[in-house]
Amino acid sequence: MDKEQKVAYEIIRQRIVNEIDRLESLGKEASASTLKKWRRFGAAFSWDPTVYPELLEKPTVSDKELLKLLRGTEEGFMKKWQAVEGVPLHHVIANRTGGDLGLRLPVDVWEEVKQRVFDQTGATPGNSQANLNAASQFDERSHLGRYGAKGTVFDPELGLGEAPDPDVSPILHGAGTKEFGTKLGKDPVILQSQPAEIAEALTPQIIKQQEIYKTVSELPTTQAQRAVFTEAGLGAAFDPTTPIEQMPAIKQRALELGLPEQFARSWQVKPKFTGGKVMLSALPLIGIGTGIVSAGAQAQAGEIKGAAATLAETAVGEVPVVGDIFQSEPVAGGTFEAVAQREAEYQYAKQLQKRSAEARQRGGKIKFGLGSVQFTLPEFGLSELMGIN
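Residues numbered from 1 in each chain as written. Predicted model: local features only at pLDDT ≥ 70, side-chain atom pairs only at ≥ 80, totals over all residues. Heavy atoms only, no water.

## A word on the overall build of the protein chain
Thinking step 1. Within the protein chain one finds 16 helices and six strands.
Thinking step 2. Buried residues in the protein chain amount to 47% of all 389 residues.
Thinking step 3. Residue pairs in contact within the protein chain that sit at least 24 positions apart in sequence constitute 74% of those at least 6 positions apart.
Thinking step 4. Carbon together with sulfur atoms contributes 53% to the accessible area of the protein chain, which is approximately 19,000 Å² in total. (Helix = DSSP H or I, 4+ residues; strand = E, 2+ residues; numbered from the N terminus. Buried < 20%, exposed > 50% of the residue type's maximum accessible area, 1.4 Å probe, protein only. Contact = heavy atoms within 4.5 Å. Areas by Shrake-Rupley, 256 points an atom, 1.4 Å probe, with all protein chains shown as cover.)

Next comes the structure, spelled out in structure tokens:
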């Protein structure tokens, strides 16, 4: 921050501290919710005030407007980073790390503490992209060990994917993750210490969170869900370097491809991997793809040779079936009822896949033709998939 920004920061910092002290002085008469907001969003501001340019330009806005801007900035980032509606965002380092520490220290002292923490850990807490980005998206089952919000693909009534089991799969907010040095901000000894000593007390709380974040990010469960987007050509949806301005377009495209349901459905306690690829929902590998739909359309249009070529090309490699591949056009997400309908269609698709696998084991033949023209291919279970058997 430059000199003018530091002056503005100090004005805002002191106002936040005064409001916290005022509410604490009221005891039980104070709104616990309001006090929590001032502390949470105030701490985020202290960690990285540069993402609040409007506040730094107008540090004397009303208290109501001040809290609104503090809260709105963070919640706005949370919403904009979503590639799937309703997916939780998790800061690499919690903004409440250190409690009120950043708010209670003069700006120059706190700036040195933050620099020392960064030098030792590489961490930059706050709401900047370094601490909150596309890679911060986690299914609620990996976040808090439970299904997600109602009306979204994470709704427990839909039951997409397996139920969480925190005893088997680590979660971001597991045991011992509620307090990360929050008492430091109330410790009179720490508040009177030198920057080096404050950073030394704070650093272990930072490292602990980095380790948790890395562990959950690398879980097969997390990787399986993100593979849904990567295989659809939208790997940027979970890339920490993706600009926030690109996320709305990614989210819209994912919706058009029906990826939100696939993302939620692919959450498993112990995903299975075959040949380096994840087998979502333990579905069998079958030699099909959207090319089958195209081949069917070609055959019906009389393009027999083209259909044969499409089928032959499609059957060359086996691919894991994920989601509603039997539809010729992607289906956009929408209401809860629409998602439920697609889940029913998915279950029907699973039945067809099972029949397909059985047909392949038979090693039979399949014939396609129009009029007097016919061609024969080895049985890959295509007859069942195309509704012939």
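Still to come is the rest of the account.
## With respect to helix α2 (residues 32-47)
Thinking step 1. If you check α2, its first and last C-alpha atoms are 23 Å apart, about what 16 residues at 1.5 Å a residue would give, namely 22 Å.
Thinking step 2. Within α2, the full set of buried residues consists of L35, W38, R39, F41, G42, A43, A44, F45, S46 and W47.
Thinking step 3. Those residues of α2 that are buried are in contact with α1 (3-25), α3 (53-57), α4 (63-80), α5 (101-104), α6 (107-121) and α9 (195-217). (Expected span 1.5 Å × (residues − 1).)

## Details of the environment of S266
Thinking step 1. Tracing the backbone through its elements, the reader meets S266 in the loop between α12 (259-265) and β1 (272-274).
Thinking step 2. What makes S266 buried here is its relative accessible area of 0%.
Thinking step 3. Taking the C-alpha atoms as reference, S266 lies 7.9 Å from T221; in sequence the two are 45 residues apart.
Thinking step 4. A distance of 2.9 Å separates a polar atom in the side chain of S266 from the backbone oxygen of F263. (Polar contact = N/O pair within 3.5 Å; in protein donor to acceptor, adjacent residues only side chain to side chain.)

## Let's talk about the pattern of salt bridges
Thinking step 1. Counted under the stated rule, the structure contains 20 salt bridges.
Thinking step 2. Linking E85 and K79 is a salt bridge whose minimum nitrogen-to-oxygen distance equals 2.4 Å.
Thinking step 3. On the basis of relative accessible area, E85 is assigned to the partly exposed category, the value being 40%.
Thinking step 4. Linking R96 and D100 is a salt bridge whose minimum nitrogen-to-oxygen distance equals 2.9 Å.
Thinking step 5. We classify D100 as buried; its relative accessible area is 3%. (Salt bridge = Lys/Arg side-chain N within 4 Å of Asp/Glu carboxyl O.)

## Side note on the packing of α6 against α9
Thinking step 1. Relative to each other, α6 and α9 sit at 45°, their axes nearing to 9 Å. Between α6 and α9, the angle is such that the two are oblique. Seen from above, α6 lies across α9 with right-handed handedness. Facing V109, W110, E112, V113, R116, V117, Q120 and T121 of α6, the residues of α9 in contact are P195, A196, I198, A199, L202, T203, I206, I207 and Q210.
Thinking step 2. Split by residue class, the contact of α6 with α9 holds eleven nonpolar, four polar and two charged. (Axes fitted to C-alpha atoms, helices over the stretch in contact; angles between N-to-C directions. Parallel < 35°, antiparallel > 145°, perpendicular 65-115°, else oblique. Left-handed = near helix turned anticlockwise from the far one by under 90°. Nonpolar A, V, L, I, M, F, W, Y, C, P; charged D, E, K, R; others polar.)

## Let's talk about the packing of aromatic side chains
Thinking step 1. In the structure shown here, the tally under the stated rule is eight aromatic pairs.
Thinking step 2. On the basis of an interplanar angle of 80° and a centroid distance of 5.5 Å, the ring pair of F138 and Y213 is categorised as edge-to-face. Residue F138 is located in the loop between α6 and α7 (140-143), and its partner Y213 is located in helix α9; the two are separated by 75 residues in the primary sequence. For the pair F138 and Y213, one class covers both residues: buried.
Thinking step 3. Residues F238 and F263 carry aromatic rings whose centres are separated by 5.6 Å and whose planes lie at 5° to one another, so their mutual orientation is stacked. Of the two residues, F238 is situated in the loop between α10 (220-231) and α11 (247-256) and F263 in helix α12; the sequence distance between them amounts to 25 residues. Each member of the pair, F238 together with F263, is buried.
Thinking step 4. A cation over a ring is seen here: R226 above F138, with NZ or CZ 4.9 Å from the ring centre. (Phe/Tyr/Trp six-rings, centres within 6.5 Å; stacked < 30°, edge-to-face > 60°. Lys NZ or Arg CZ within 6 Å of the ring centre and 35° of its normal.)

## Comments concerning the nonpolar core
Thinking step 1. Residues I16 and L70 are the most contacted members of the largest nonpolar core, which totals 45 residues.
Thinking step 2. Elements that contribute at least two residues to this core include exactly α1, α2, α3, α4, α5, α6 and α9.
Thinking step 3. No other element matches the seven residues that α1 contributes to this core.
Thinking step 4. With near-sequence residues (within four places) excluded, I16 lies in contact with W38, G42, F45, L66, L70 and L103. (Core = buried A, V, L, I, M, F, W, Y, C linked by side-chain atoms within 4.5 Å.)

## Re the environment of K186
Thinking step 1. If you trace the backbone, K186 turns up in the loop between α7 and α8 (188-191).
Thinking step 2. The exposure class of K186 is exposed, given its relative accessible area of 56%.
Thinking step 3. Distance from K186 to G99, taken between C-alpha atoms, is 7.9 Å for residues 87 residues apart in sequence.
Thinking step 4. Aside from chain neighbours lying at most four places away, what touches K186 is E24 and R39.

## Some words on the layout of surface pockets
Thinking step 1. Looking at the largest pocket, its volume works out to about 1,100 Å³.
Thinking step 2. Considering the residues around the largest pocket, the lining is formed by 31 residues, among which K36, R40, A94, R96 and H173 are closest to the centre.
Thinking step 3. Listed by contribution, the elements that provide at least two residues to the lining of the largest pocket are α2, α4 and α9.
Thinking step 4. Of the residues forming the lining of the largest pocket, the biggest block, four residues, is contributed by α4.
Thinking step 5. In terms of residue class, the lining of the largest pocket is built from ten nonpolar, ten polar and eleven charged. (1 Å grid on protein atoms, 1.4 Å probe; cavity = no way out; pocket = protein on both sides within 12 Å on 5 of 7 lines; lining within 4 Å. Points joined across faces, edges and corners; volume = space filled by probe spheres on them.)

## As for the confidence of the model for the protein chain
Thinking step 1. Across the protein chain, the average pLDDT comes to 80, with 69% of residues at or above 70.
Thinking step 2. With pLDDT under 50 throughout, residues 365-380 is counted as low confidence; its partners more than four residues away or in other chains account for 42 contacts. (pLDDT = per-residue confidence, 0-100.)

## Description of α1
Thinking step 1. Over its 23 residues, α1 runs 33 Å from end to end, which matches the ideal 33 Å to within 8%, given 1.5 Å per residue.
Thinking step 2. Of the residues making up α1, those classed as buried are A8, Y9, I12, R13, R15, I16, V17, E19, I20 and L23.
Thinking step 3. Buried residues along α1 sit against α2, α3, α4, α5 and α6.
Thinking step 4. Of the residues flanking the start of α1, the one acting as N-cap is D2, its side-chain oxygen 3.2 Å from the backbone nitrogen of E4.
Thinking step 5. G27, located one to two residues past α1, shows a positive phi value of around 65°.

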